[in-house]
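# Structure at a glance
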Amino acid sequence: MIVEPLDFVAPSIATEGENTSAEEWDARFYKLAEQAASWSKDPIRRVGSVVVTPDCRSFSLGYNGFPRGYPDAKELLMDEELRQMLMVHGEINAILNSPFDVAGSTLYATKFPCHKCAGVIANARISRIVSPPGNLDHPKWGTSYKLAHDIFRWAGLEVKGLGIIAPGGE
Ligand SMILES: [Zn+2]
């Protein structure tokens, strides 16, 4: 039997007579972002991200890591300052890895985006963020999260905070 591409529904997506709710799609793609996070070699802070088109048919994965080809040497990964200077964040990689135009897409991230990623996300014209809420009082990331919130607000992005605390209380 020949299955026409338009009629094909993957078994994992099919439900019994009901359309998949937006909540369910969010939960699915967030789990995928968690999977991507597990691929990071960062010993302290692993972040996964998924960018998904509004129709949920195309997605792109990213996780934080050193630039392409840069050696993942243990002494670099264990040096906090160097590690942070070299690390390309998961959200940026998810955007860069995308074969489609990410404008209008939803970005899932396993930690609230930092202000630098927020600027790129806004300028990539992503419309919606789904992530754990950032801890605005966090000693290291609090100010960055506040700026990211401002960036998202000014850019008109919808931010959906999942009711979970990210690992490390961030
Ligand atoms: Zn970032």
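In this report, the structure presented in the accompanying data block is examined. Just so it is clear, the model here is predicted, and its values are computed rather than measured. (Residues numbered from 1 in each chain as written. Predicted model: local features only at pLDDT ≥ 70, side-chain atom pairs only at ≥ 80, totals over all residues.)

Below, the discussion takes up the overall build of the protein. Tallying secondary structure elements over the protein gives six helices and five strands in all. Listing each helix as α and each strand as β along the protein from the N terminus yields α-β-β-α-α-α-β-α-β-α-β. Of all 170 residues assigned to the protein, the portion counted as buried reaches 31%. (Helix = DSSP H or I, 4+ residues; strand = E, 2+ residues; numbered from the N terminus. Buried ≥ 20, exposed ≤ 12 C-beta atoms within 10 Å, placed from the backbone.)

Turning to the nonpolar core, a few remarks are in order. Core analysis: the largest hydrophobic core is formed by 30 residues, its most contacted members being A33, V50, V51, L107 and Y108. For this core, the secondary structure elements donating two or more residues are α1 (22–37), β1 (48–52), β2 (59–63), α4 (90–97), β3 (106–109), α5 (115–123), β4 (128–131) and α6 (142–155). Among the elements that take part in this core, α1 stands out by supplying five residues, more than any other. Once you skip the residues sitting within four places of it in the chain, Y108 turns out to touch F29, Y30, A33, S49, V50, V130 and S131. (Core = buried A, V, L, I, M, F, W, Y, C linked by C-beta atoms within 7 Å. Contact = placed C-beta atoms within 7 Å.)

Looking now at the sheet that holds β4. The strand order across the open sheet built from five strands is β2-β1-β3-β4-β5, with neighbouring strands paired in mixed fashion. The open sheet terminates on both sides in strands that have one partner only, identified here as β2 and β5 (158–161). Averaged over neighbouring strand pairs, the angle between their axes works out to 15° when direction is ignored. Of the pairings in the sheet, the one linking β4 to β5 comprises four bridges and is parallel in character. (Pairing = 2+ DSSP bridges. Axes fitted to C-alpha atoms, helices over the stretch in contact; angles between N-to-C directions.)

Residue placement: Y63 occurs in strand β2. Residue classification places Y63 among the buried residues on the basis of 26 C-beta atoms within 10 Å.

All right, on to the pairing of β2 then. The buried count for β2 comes to four of five residues, which makes it a mostly enclosed element. Of the strand pairs in this sheet, β1 and β2 are connected by five bridges, and their pairing is antiparallel. Considered in β2, the bridge of G48 is made with Y63. Adjacent in sequence and paired antiparallel, β1 and β2 are bridged by six residues, among which C56 carries a positive phi angle near 65°.

Just distances and angles here, no functional claims.
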